[in-house]
Amino acid sequence: MKRAFSIALAAQLLIPLSAHAEDLKIGFISTFSGPSALLGQDTLDGFNLGVKSVGGKLGGRNVQIVQGDDQMKPDVARQLADKMVERDRVDVMTGMIWSNVMLAIAKPVLDSGTFILSPNAGPSQFAGAQCHPHYFAVAFQNDSPNEAMGIYMQDKGYKNVYLMAPNYPAGRDMLNGYKRYFKGGIAGEVYTQLGQLDYAADLAQLRAKKPSALYYFISGGAGINFAKQYDQAGLKKDVPMFAPGFSLDQTILPAIGDAAVGAMTATHWSPDFKNAASAKFVADFEAAYKRTPSPYAAQAYDTARLLDAALKETKGNTKDKAAFRRALEKAKFDSVRGNFSFGPNHYPIQDYYLAEITKGADGKAQVTTKDVIVRNHGDAYSKDCKMPN
Amino acid sequence: MTPALAFEQLLNGLQFGVMLFLMSAGLTLVFGIMNFINLAHGSFYMLGAFFAATLIKITGNFFLSVLIAIPATAIVGMVFERLVLKHFYRRDHLDQVLVTFGLIFVFNDIIRILWGVAPIPMPLPEAFSGSVEVFPGVQYPAFRLAILVAGLLVAFLLYLLIVHTRSGMWVRAGSSDRVMASALGVKVSLVFSAVFAVGAALAGFAGMMAGPITAVMVGMGDSILILALVVTVLGGIGSIRGAFVAALLIGIVDTFARVLLPAAFGNICIFMLMACILAWKPKGLFPAHG
């Protein structure tokens, strides 16, 4: 009798549990502490807004987000990923900002059969020989914005350009992407310390070389230091600044202020994009979070809407992995970027635009989109990818 | 390298060195005089910058903001010394490292809660926004010259205070022999509080000077703390003179190593310098005690 009672009780308890298991579980590993906490916050806010924009559910399923703070450390991210895959049994992993974090967690996550949708990190490894049927990069391949600026400056006939980036793998990748298309002569190629405070010495060297333009990738706090000091050194009028969008995005522009005005960037999205999806996203984001969204937020918004479109196709089913993969590859959704599709290596094929940092009507620095530089731009690594069918 | 460029780089090195000195003066005072390791020193650097940036937003006046922000940082330092840190003076260095390392996280989170995660703007003062021709053909940003002058002035005032005043004598007495000094009527605990407040104010001032040229953001003090510790150890713990010489040395060596040597090598130069000097003088350049 007692035993029967316990079974009944257990069954009672199990009902809500099994109902709960129907939720779509999303592992969200991003950076929520330290100097780059804003990037993780923008990514999460963008993702949540994306879920809200399609009715608060993805493909008709309730969403449960399992959040983890990688602290910008690959080893911490690896532990979080193991836990999310083994204990939480997430269906999809997303949130990752950094390529080194992605490289640390991708293999164990993919080996477990879990899907990865990267809302930012786009390392070359998974675009080429290591491409994987369950791995999708929704934002870009790291080289691409740099390639776009290389194409633009080559077209405009710039000669003698000075290159700067921090001395770590992504810094070298960025400049290599630029040099893949820019052949107009390099005045100097300087790798600075990661997270450097003072650039006075490097700027004095730059001035002595008399370059016609500067192309630099320095993001985050160091990017703020650099842009302020470049302006204070009086270099901006003689040596115009060019950069990939990450060096001057909405997460750091408010802190740089006027010092960045006049700089040119290459970007795949900016808040002033005219298409309807982008206009709605920017208006909703500003209403909900009282700040201008960055590309990190836009990419995460697209990630949520991509997931929704694919899940609608499979009727919410993620267990049939082959079908879910096909649905992701072909998913039709209104990207804030306008033109967006996946290449054979699951990396984006999209348009890149020239943008200028201008002073807005409110007196604040903003990104103003100019002309398109290149349409339907894929990446250089796709040819090495033998995607299994 | 042309003479003009070499001169400009020398100025850059000196200016960076002076900045490091402002940061490490407080650290070496607290370390040398109170025998207390304060890893949270970088947090006062951050607090100073946030206080000043916020006041500038309200008042619109850089100098007024700095004048208010310096005592504000000192008061925060003094409150923490009274409430938390004074209980750790007699504990060993490991306990001190643990509690002040924990305080770094506490301060970072307080800043995050009050100001948010986004870096905040801190404009240059209007009067120093241009550049000055310091040498034929060398334009140097006026604000960096101002940092150089302010740092040298602070160094001189500290020297006067410690070597030529009665309160300076108490400080030196307290550091040489705490028990004997208090037996002779020096209120050692009061002296320590004052030293800690001055140390916090100096770090805060360094943060205020760095604010307009660097990012004012959560964790901004963490990276400069490492360099300040190098300066402190290299100069001889507790020696203001040592900190001054070591800071200038590091500023100049770091600047020239970075522009003359390949990237990977330039970055480790100051640590190699530190290893060499410590091998030659294990107690630093100007040991304060014996």
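Up top is the structure.
Residues numbered from 1 in each chain as written. Chains lettered and ligands numbered in written order. Predicted model: local features only at pLDDT ≥ 70, side-chain atom pairs only at ≥ 80, totals over all residues. Heavy atoms only, no water.

Okay, the overall build of chain B next. The number of helices and strands found in chain B is eleven helices and two strands. Along chain B, helices (α) and strands (β) appear in the sequence α-α-α-α-β-β-α-α-α-α-α-α-α when read from the amino end. In terms of overall dimensions, chain B has a C-alpha envelope of 60 × 50 × 35 Å along the principal axes. Taking all 290 residues of chain B together, the buried fraction comes to 54%. Contacts spanning at least 24 positions in sequence make up 76% of the contacts within chain B whose residues lie at least 6 apart. (Helix = DSSP H or I, 4+ residues; strand = E, 2+ residues; numbered from the N terminus. Buried < 20%, exposed > 50% of the residue type's maximum accessible area, 1.4 Å probe, protein only. Contact = heavy atoms within 4.5 Å.)

Moving on, we come to the interface of chain B and chain A. Each side of the interface is counted separately: chain B has 33 residues, and chain A has 28 residues. Together chain B and chain A conceal approximately 2,600 Å² of surface at their shared face, both sides included; 56% is due to carbon and sulfur atoms. Summed over the shared surface of chain B and chain A, the result is two salt bridges. Across the salt bridge formed by D198 of chain A and R144 of chain B, the nearest N and O atoms sit 3.1 Å from each other. Between chain B and chain A we count twelve residue pairs in polar contact (both at pLDDT 80 or more) in total. Contributing elements (two or more residues each) for the side of chain B that touches chain A: α1 (3-34), β2 (138-141), α9 (220-235), α10 (240-260) and α11 (263-280) of chain B. The leading source of residues in the side of chain B that touches chain A is α1 of chain B, at six residues. (Buried area = accessible area lost by both parts, 1.4 Å probe. Salt bridge = Lys/Arg side-chain N within 4 Å of Asp/Glu carboxyl O. Polar contact = N/O pair within 3.5 Å; in protein donor to acceptor, adjacent residues only side chain to side chain.)

A few words now on the nonpolar core. Within the largest apolar cluster, 119 residues are counted, with the highest numbers of intra-cluster contacts made by L206, L214, Y216, F226 and Y230 of chain A together with M34 of chain B. Look past the residues within four positions of Y216 of chain A in its chain and what remains in contact with it is M164, F226, A227, M241, F242, A243, P244, S247 and L248 of chain A. Counting residues in each nonpolar core, the second largest holds 29 residues, with I29, L39, M96 and M102 of chain A among its members. (Core = buried A, V, L, I, M, F, W, Y, C linked by side-chain atoms within 4.5 Å.)

On to the pattern of salt bridges, then. Residues and elements named next belong to chain A. One pass over the full model with this rule turns up 24 salt bridges over all chains. The salt bridge partner of E147 is R180, with a shortest N-O separation of 2.4 Å. Residue E147 is located in helix α5 (residues 144-155), and its partner R180 is located in helix α6 (residues 169-181); the two are separated by 33 residues in the primary sequence. You can call E147 buried: its relative accessible area is 1%. The class of R180 is partly exposed, set by a relative accessible area of 29%. One salt bridge in this structure joins R326 and E329, with 3.1 Å as the shortest N-O distance. Here the residue R326 and the residue E329 both occupy positions in helix α12 (residues 321-330), the gap between them amounting to three residues, near one helical turn. Taking relative accessible area as the criterion, R326 reaches 32% and is therefore assigned partly exposed. A relative accessible area of 22% means that E329 is categorised as partly exposed.

A word on the packing of aromatic side chains. One pass over the structure, following the stated rule, counts 33 aromatic pairs over all chains. Between F62 of chain B and F143 of chain B, the aromatic rings sit 5.9 Å apart at their centres with planes inclined by 90°, giving edge-to-face as the arrangement. Here F62 of chain B is found in helix α3 (residues 62-83), whereas its partner F143 of chain B is found in helix α5 (residues 142-164), with 81 residues between them in sequence. Across the pair, exposure class does not vary: F62 of chain B and F143 of chain B are buried alike. Here the aromatic cluster, defined as three or more aromatic residues joined through ring pairs, consists of W269, F281, F285, Y289 and Y301 of chain A. Here R172 of chain A stacks its cationic end above the ring of Y191 of chain A, 4.0 Å away from the centre of that ring. Taking NZ or CZ as reference, K281 of chain B lies 5.4 Å from the ring centre of W280 of chain B, over its face. (Phe/Tyr/Trp six-rings, centres within 6.5 Å; stacked < 30°, edge-to-face > 60°. Lys NZ or Arg CZ within 6 Å of the ring centre and 35° of its normal.)

This next bit is on the layout of surface pockets. Residues and elements named next belong to chain A. Computed from the structure, the second largest pocket encloses a volume of approximately 1,300 Å³. Per element, the largest residue contribution to the lining of the second largest pocket is four residues, and it comes from helix α9 (residues 253-256). Classifying every residue of the lining of the second largest pocket gives 20 nonpolar, nine polar and twelve charged. (1 Å grid on protein atoms, 1.4 Å probe; cavity = no way out; pocket = protein on both sides within 12 Å on 5 of 7 lines; lining within 4 Å. Points joined across faces, edges and corners; volume = space filled by probe spheres on them. Nonpolar A, V, L, I, M, F, W, Y, C, P; charged D, E, K, R; others polar.)

Residue and element names in this part refer to chain A. A full pass over the atoms with the stated rule returns six cavities of 30 Å³ or more. For the lining of the largest cavity, the secondary-structure elements that each account for two or more residues are α2 (37-53) and α8 (220-232). For the lining of the largest cavity, the class distribution of residues is nine nonpolar, five polar and one charged.

A word on the pairing of strand β7 (residues 186-192) of chain A. Residues and elements named next belong to chain A. Sheet topology places strand β6 (residues 161-166) next to β7; six bridges connect them, and they run parallel. The residue bridging V161 from the neighbouring strand is I186, located in β7. Crossover handedness for the path β6 to α6 to β7: right-handed. (Pairing = 2+ DSSP bridges. Right-handed = clockwise from strand over helix to strand, strands pointing away.)

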